Structures are given as structure tokens and as C-alpha cells.
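Here is how the chains run, residue by residue.
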Amino acid sequence: MFQTPFGLYYLRARGRFHLARGSHKAAIEDFEACRELMERWGLDVPGLAPWRTDLAEARRGLGLQARHLAAEQLAKLGPYNRRTRGISLRELAAEAELKQRAALLREAVEELQAGGDQLELVEAMAELGEAQHALGEYAKARITTRRAQQLATRYELEDLISARPAPGDSEPESPEDPVIEELSDAERRVAALAAQGHTNQQIARKLFITVSTVEQHLTRVYRKLRINRRSDLPFSLVAGLRNTA
């Protein structure tokens with residue numbers, strides 16, 4: 001088996017198992033074995049087995065520097081490998097200074113939403129909420145953390161964030177979500193689907209409208225809610241859509 005790509009999948013899966021158990025040294029051995037085989041075969045491509053981000057996570061668990069591995073992984077990725085890109089950005093953020101960490105995590109959330117990895121998305125959102133809270137962005141932290149909690153509940157991933165503190169709980173009360181009453185029904189429908197992680201093409205198909213119309217609606221939504229990106233959309237839009245359905 002270890003003379004075929006199936007051996008790579010096995011080594012990576014076993015390494016991830018060791019990571020989940022906290023056996024970082026054993027995980028490192030498997031990920032480095034994966035690297036050795038891929039380099040020997042001339043198959044060192046992220047789409048086959050992104051060993052660099054795995055190895056970075058394992059090394060970080062032992063307190064070792066790993067930023068260079070995540071940076072190398074990002075340099076090798078194409079524009080369509082959004083899941084691995086999001087994971088790599090999370091790894092870069094782990095060793096970045098606070099302000100840069102928040103920016104990297106925002107980008108990671110956007111990539112993971114498009115990449116469809118709900119587990120990584122929940123973790124990235126929870127980490128972004130913590131970073132926003134540390135920066136004093138308490139309202140944003142509450143919105144981001146609430147979205148992470150709601151996604152975790154939907155996909156039965158509550159254990160991932162149950163041990164994390166809820167950022168902003170001790171802060172003075174302030175409006176928790178941007179005002180959404182200004183949005184038209186069409187804008188709310190588009191924004192709710194975008195908040196759930198659907199791409200513009202998927203939203204267009206679901207609502208039987210053009211991609212251009214989706215983009216125009218989102219532009220107006222961003223302006224009205226005073227936000228700059230998809231990952232800032234309040235998840236309360238989703239609940240609001242259900243209530244009016």
C-alpha cells in the first residue's frame with residue numbers, strides 16, 4: 001500500500017488521529033513520512049495530501065515554530081483549492097501578531113465558507129471572535145462567536161467550541177447585530193444565503209436570479225450594514241429568513 005497514493009492517505013489519516021489524541025510526536029512522524037514519499041515520487045502537490053499544514057499544526061502543538069510550512073503551502077496552492085487555503089491561513093494566524101491574526105482569520109473564514117469545510121469554519125470563526133475581542137471589537141466578537149455557535153449546533157460540532165469563553169460577555173451591552181430592518185426582502189434572502197456560506201452562483205440558482213443581481217444585492221447589503229465582507233454578515237439574517245418563510 002505504501003507504494004501507492006493510498007499509503008499517503010493512510011499516513012495522513014493516522015497522523016490526524018494522533019493529533020486528535022494529543023500525540024504530536026507520532027503525528028509528526030506520519031506527516032514527515034508522507035512528505036518523504038511525495039517528494040521521492042515527484043508528487044508534492046497540496047491536492048493530493050497537504051502535509052505542510054498538518055505538520056505545522058503538529059509542530060505548533062509541541063511549541064515549535066511552523067509558520068514557514070503554512071507559508072510554503074499557500075505559495076503552492078492554486079486559486080480553486082479554497083479549503084486548504086483556509087486551513088493554511090489559520091495556521092499562519094496562529095503565530096501572527098494580534099492585528100494581523102484577525103485579518104488572516106477573516107480571510108480564512110471566507111475561504112472555508114467557499115470551500116465547504118464546516119468543521120474548520122467553526123474553529124476559524126471561534127478564533128476570529130477571540131481575536132476581535134482581544135482587539136476591543138466587542139460587538140463584532142459577539143456576532144462572530146454567535147455565528148460559530150449556531151453553525152456548531154447545526155452540524156453537531158458543539159464540542160469544538162464548548163470549552164471556549166464567550167467573548168464580550170463581560171462587556172457593556174451594545175447592539176449585538178447590525179440593523180437589518182433597512183434591507184429589502186430580496187436583499188435579506190440573498191444576504192441570508194450568503195451568511196450560510198453559499199457562493200454567488202449557488203444563490204443565483206436557488207433564487208432563480210442572475211449572478212450579477214446577487215452581486216448587486218450584496219453590494220447594497222454591505223453598504224446598509226456598514227460591513228466590508230461576506231464573513232461580517234450577521235447570522236441573525238438566517239433566523240429572520242426562516243421566521244418570514
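Up top is the structure.
Residues numbered from 1 in each chain as written. Predicted model: local features only at pLDDT ≥ 70, side-chain atom pairs only at ≥ 80, totals over all residues. Heavy atoms only, no water.

Looking only at helices and strands, the chain has twelve helices and zero strands in total. If you list the helices and strands of the chain from N to C, you get α-α-α-α-α-α-α-α-α-α-α-α. Here the chain, with 245 residues, has 44% of them falling under the buried criterion. Long-range pairs, those at least 24 residues apart, make up 59% of the contacts in the chain between residues at least 6 apart in sequence. Roughly 12800 Å² of accessible area belongs to the chain as shown, and the carbon and sulfur atoms make up 50% of that amount. (Helix = DSSP H or I, 4+ residues; strand = E, 2+ residues; numbered from the N terminus. Buried < 20%, exposed > 50% of the residue type's maximum accessible area, 1.4 Å probe, protein only. Contact = heavy atoms within 4.5 Å. Areas by Shrake-Rupley, 256 points an atom, 1.4 Å probe, with all protein chains shown as cover.)

On to the packing of helix 3 (residues 51–61) against helix 5 (residues 82–94). Where helix 3 contacts helix 5, the axes come no closer than 10 Å and their chain directions differ by 30°. What the angle tells us is that helix 3 and helix 5 run roughly parallel. Here helix 3 and helix 5 pass one another in a crossing that is left-handed. Residues T53, A56, E57 and R60 of helix 3 touch helix 5, and the partners they reach there are I87, S88, E91 and A94. Within the contact of helix 3 with helix 5, the residues separate by chemical class into three nonpolar, two polar and three charged. (Axes fitted to C-alpha atoms, helices over the stretch in contact; angles between N-to-C directions. Parallel < 35°, antiparallel > 145°, perpendicular 65-115°, else oblique. Left-handed = near helix turned anticlockwise from the far one by under 90°. Nonpolar A, V, L, I, M, F, W, Y, C, P; charged D, E, K, R; others polar.)

Let us now look at the pattern of salt bridges. Tallying each qualifying case throughout the model produces 19 salt bridges. Taking the shortest distance from any N to any O, the salt bridge between R16 and E57 comes out at 3.0 Å. Within this pair, whereas R16 is found in helix 1 (residues 5–21), its partner E57 is found in helix 3, the two being separated by 41 residues in sequence. For E127, the salt bridge goes to R90, with nearest N and O atoms at 2.4 Å. Of this pair, E127 sits in helix 7 (residues 118–134) while R90 sits in helix 5, and the two are 37 residues apart along the sequence. Like R90, E127 is buried. One network of salt bridges, with partners in common, ties together R12, R16, D54 and E57. (Salt bridge = Lys/Arg side-chain N within 4 Å of Asp/Glu carboxyl O.)

Before going further, it helps to spend a moment on helix 9 (residues 185–195). Within helix 9, burial applies to E187, V190, A191, A192, L193, A194 and A195. Trailing helix 9 by a residue or two, G197 shows a phi angle of about 105°, which is positive.

Counted according to the given criterion, the structure contains two aromatic pairs. With centroids separated by 5.9 Å and ring planes inclined at 75°, the aromatic side chains of F2 and Y10 adopt a geometry described as edge-to-face. With a relative accessible area of 35%, F2 lands in the partly exposed category. Look at F6 and Y9: their rings are 6.2 Å apart centre to centre, the planes differ by 80°, and that puts the pair in the edge-to-face class. Here F6 pairs with Y9, and both are found in helix 1, just three residues apart, close to one helical turn. Judged by its relative accessible area of 59%, F6 is exposed. Of the residues examined, Y9 reaches a relative accessible area of 41% and is grouped as partly exposed. (Phe/Tyr/Trp six-rings, centres within 6.5 Å; stacked < 30°, edge-to-face > 60°.)

Attention shifts here to unusual backbone geometry. At E156, a position not held by glycine, the phi torsion is positive, near 55°. Note on placement: E156 falls in the loop between helix 8 (138–154) and helix 9. Positive phi values are uncommon outside glycine, yet R226 reaches one of about 60°.

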